[in-house]
Every structure is written in structure tokens, then in C-alpha cells.
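The lines below spell out each chain.
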Amino acid sequence: MAKKTVRQQDFMKKKLKVGKPKQKPSNVTDTSFQMKRISLPSQTRISGPGSSKGDGSGIDLNAEMVKRVTLLRHHSDVTRKETVIYYESMIPRIIHLPCMSNLMQAAIPLICDSSKQVRDELVKLFDTIGKNDPNVLKLQIRALTLYLNNAMTHIITPIQRDAGMFMQVLMRYCGDDLVRQAWIKMLKGFFQVLGWTLTAPNSSKKAQTTSMGITSSSVVSMNKNKKHKNENLKAMLEFIRIGTGALSTQEQNDQTATQSDADAAAAAATAAPAPYLPYMIPEFPQPYAYLKLFIKQFAQDSVSRATNSSTNLNSTGAVSDDASLQELETLSFEDPVTRTKIFQQYFYPSIKRQLPALIKDGGECGRTAHSFSNVLQQIIE
């Protein structure tokens, strides 16, 4: 056999021998050496005091809160309740973060949640938000009004009864905005929750009672639960008091104690007649008064003219018989003068007819009804 050349040997497969390791290739790299190294733990960037990562953990708090919002729509009642409790504890830290918008949009529908525990915790959440920043609730007043009205007209009786709890909390922090948003609609909702009938003024006996969609089961349930009835009475009383501008008993006592007879006589002597107040020189300089940036209350005569053209008011400023509650629901009543007129003509007779029986029964409802009667007397006067 001819001797193989060196070039041919490159293509020959070497035979492996038993008990001997496989030969390494000629271009192998030796990795048996060792070297010293320094290991440093991972360090996170320290955030500034105004950042949402202020806890120093390196976690974006705003993003973390947004991720948890979906748990408010979880199918489990326990999960929804625990999520509401968690957000309640985090409110002081996230009250000014963008995640509050997502939180409110997901939390407001829980007003009509089927679980009693979730609704109770939601009331505490709204209360905590109001204590830290009431403007958060004011910005969501339209959504709150929608779901409050939904709760007042809900087919499930426990949800309907608990509407008074939410009303009391909201009236504490954004009552003025709520009465401006839905004055008539909320009053009709209170009538339905309490099981009262609403009587239209100057109407025939056949069409005297306005149908409120009240079921007998809800009325019986409300009459049995005196606690819930008292809560809804308190909420309705506070709603009417803020809407009409009436003073509570405590405010009347404080005003009487602080203002003496001499001060009252001096104020009456120096006070200008009401029609001339817009034309008098103000007590303090008001260079931007002509822009009317901070004016909410309208003049009484202008209110009468504006409302006459849209709500069929007569020449005396009272609502005519042709204007129904359905027509008035589409309007917003910005000033207490018009709200008081609407209340006196449509709601006052029905409420006055229900209060004597509650006062006679006594208890917590009786005391609330007695305060209610005093406020009504103040409104009429």
C-alpha cells in the first residue's frame, strides 16, 4: 500500500482505544485556570421625595396601584372587600397620583355591589378619600350621582337601603355639588327608598299620586329596619338642608350665641336693600369682580326670567301646574331660591304628611323626624 501523504491524514478518523480518554483537538482552549473577582449586590436608584417611588423600594407605586384595580371587579366577594381595604390604607400615599382616576372609575360601581361587606368598606373608602382631598369626589360627582340614583331604584332591597350611607358621606364632602347636579332626581329617590308616595299639587284625585315604582316588599323591609330608615331620613334631611340653605340646629345656636342684639341692630341699620347690593361699592377691593369668576348664585329676578322661559313658570315666579317633575328633572338648579320653590311646591306637602307618624313612634326615627320638622318650618318661614 502506498504511503499516505500528510494531507490525506487530515481526513482520516482516528481509532479510539479502550480505557483511554478521547484526544482533545489541537485548537482547544485550556480553562483550568482561576481568577479572583469582586461581587457587588444589585443597587436600586434612590428616588426623590416627590416621586411615586418614594418608599425607596424601586417599585413604581402608581403602576402597582393601577394593576390592582382589576381586583375590584373580581368574582369573589372576599377579594373585592380586601382590595377595597387595601386601597383605603393606601389613600394617604396615592391621593395625588394619577391612579386615583382609575381607582374611582372602578370603585364607584361597587355602590350597587351585591355584598354588604363590600358596600360597608366602600363607605369607609369614600370617607377616607374625602378627608384627604374632597376634590377627588367632586370631580367624580356625575358618576356618583348616576350610581346613587341606581342604588335608590335598585331591585335588591339591601342595596336600596344602603343608599343612605353613601349619601351621608358624600353630603359631608361634596354636598353642594350633589344638590346642584340632581336636586329633583335625588329627592324622588329618597321617596322611593323610604316608601313614601309623592303627591302632585293641584291635581285630581285620579291622578293625584305620582307612581314611584315602590314595591310592597321594599316598604315592609324598610319599616322593619328602623336603623336603615333612620339613616335614610338623616341623609334626606341633610340633602334638603344643604339644597335649600337652611341652618341646622347647632348652627342656629352658634349664630345666636355669637351675634348679640346690638350687632344685629347695627348690621340691619347699615345693610343695603337686597336689590341694590350688586350696585354698591364693595367693602374690599375686587379688581376682577366684573369677570364673575367666583359667582355661583344668580339674582332672584334673573332666575325667575330664565326659568319662566324654560320651565313654564308663571309671573309670580312659582312653578306652574303645566310643568311636571319629568320636565324639571332635565334642568339643573344652581341657586337655592329656585330649589326652595321647587321643594315647597312638589315635595313639602308629601313630607309633611309623613312626619307626624314618625314623631309619634318615637325612638331614633322620631328624633330625626322632629329635627326634620324644624328644618321644614325654617324653610317655609
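Below or above, wherever it landed, is the structure these notes cover. Because the structure is predicted, anything quoted here is derived from the model rather than measured.

In this section: a nonpolar patch on the surface. A surface patch of nonpolar side chains, amounting to about 510 Å² of accessible area, comprises Tyr288, Tyr290, Leu291 and Leu293. For Tyr288, the position within the fold is in the loop between helix 14 (261-270) and helix 15 (300-311). For Tyr288, a relative accessible area of 57% corresponds to the exposed category.

The final tally for this structure, using the stated rule, is 6 aromatic pairs. Their ring planes at 65 degrees and their centres at 6.2 Å tell us that Phe126 and Phe166 sit as a pair that is edge-to-face. In this pair, Phe126 is assigned in helix 5 (residues 116-132) and Phe166 in helix 9 (residues 163-181), connecting sequence segments 40 residues apart. For the pair formed by Phe126 and Phe166, the shared burial category is buried. Feature note: the residues Trp183, Phe190 and Phe239 constitute an aromatic cluster, connected by ring pairs.

Where helix 17 (residues 336-361) meets helix 18 (residues 363-380), the closest approach of the two axes is 9 Å, and the angle between their N-to-C directions is 150 degrees. Remark: the crossing between helix 17 and helix 18 carries left-handed chirality. Residue-level contacts link Thr340, Phe343, Gln344, Tyr348, Ile351, Leu355, Leu358, Ile359 and Asp361 of helix 17 to Gly363, Cys365, Gly366, Ala369, His370, Phe372, Ser373, Leu376, Ile379 and Ile380 of helix 18. Grouping the constituent residues of the contact of helix 17 with helix 18 by class yields 12 nonpolar, 6 polar and 1 charged.

To continue, consider the environment of Trp196. Mapped onto the fold, Trp196 is located in the loop between helix 10 (183-194) and strand 1 (198-199). Given a relative accessible area of 3%, Trp196 falls into the buried group. For the pair Trp196 and Arg353, spaced 157 residues apart in the sequence, the C-alpha separation amounts to 9.7 Å.

A few words on the side chain of His154. By the secondary structure assignment, His154 is in the loop between helix 7 (141-152) and helix 8 (157-161). You can call His154 buried: its relative accessible area is 18%. The residues contacting His154, other than those within four sequence positions of it, are Cys112, Ile159 and Gln160.

Conventions used here
Residues numbered from 1 in each chain as written. Predicted model: local features only at pLDDT ≥ 70, side-chain atom pairs only at ≥ 80, totals over all residues. Heavy atoms only, no water. Patch = residues over 30% accessible without salt bridge, like charges linked within 9 Å, V, L, I, M, F, W, Y side chains within 5 Å. Areas by Shrake-Rupley, 256 points an atom, 1.4 Å probe, with all protein chains shown as cover. Salt bridge = Lys/Arg side-chain N within 4 Å of Asp/Glu carboxyl O. Helix = DSSP H or I, 4+ residues; strand = E, 2+ residues; numbered from the N terminus. Buried < 20%, exposed > 50% of the residue type's maximum accessible area, 1.4 Å probe, protein only. Phe/Tyr/Trp six-rings, centres within 6.5 Å; stacked < 30°, edge-to-face > 60°. Axes fitted to C-alpha atoms, helices over the stretch in contact; angles between N-to-C directions. Left-handed = near helix turned anticlockwise from the far one by under 90°. Contact = heavy atoms within 4.5 Å. Nonpolar A, V, L, I, M, F, W, Y, C, P; charged D, E, K, R; others polar.

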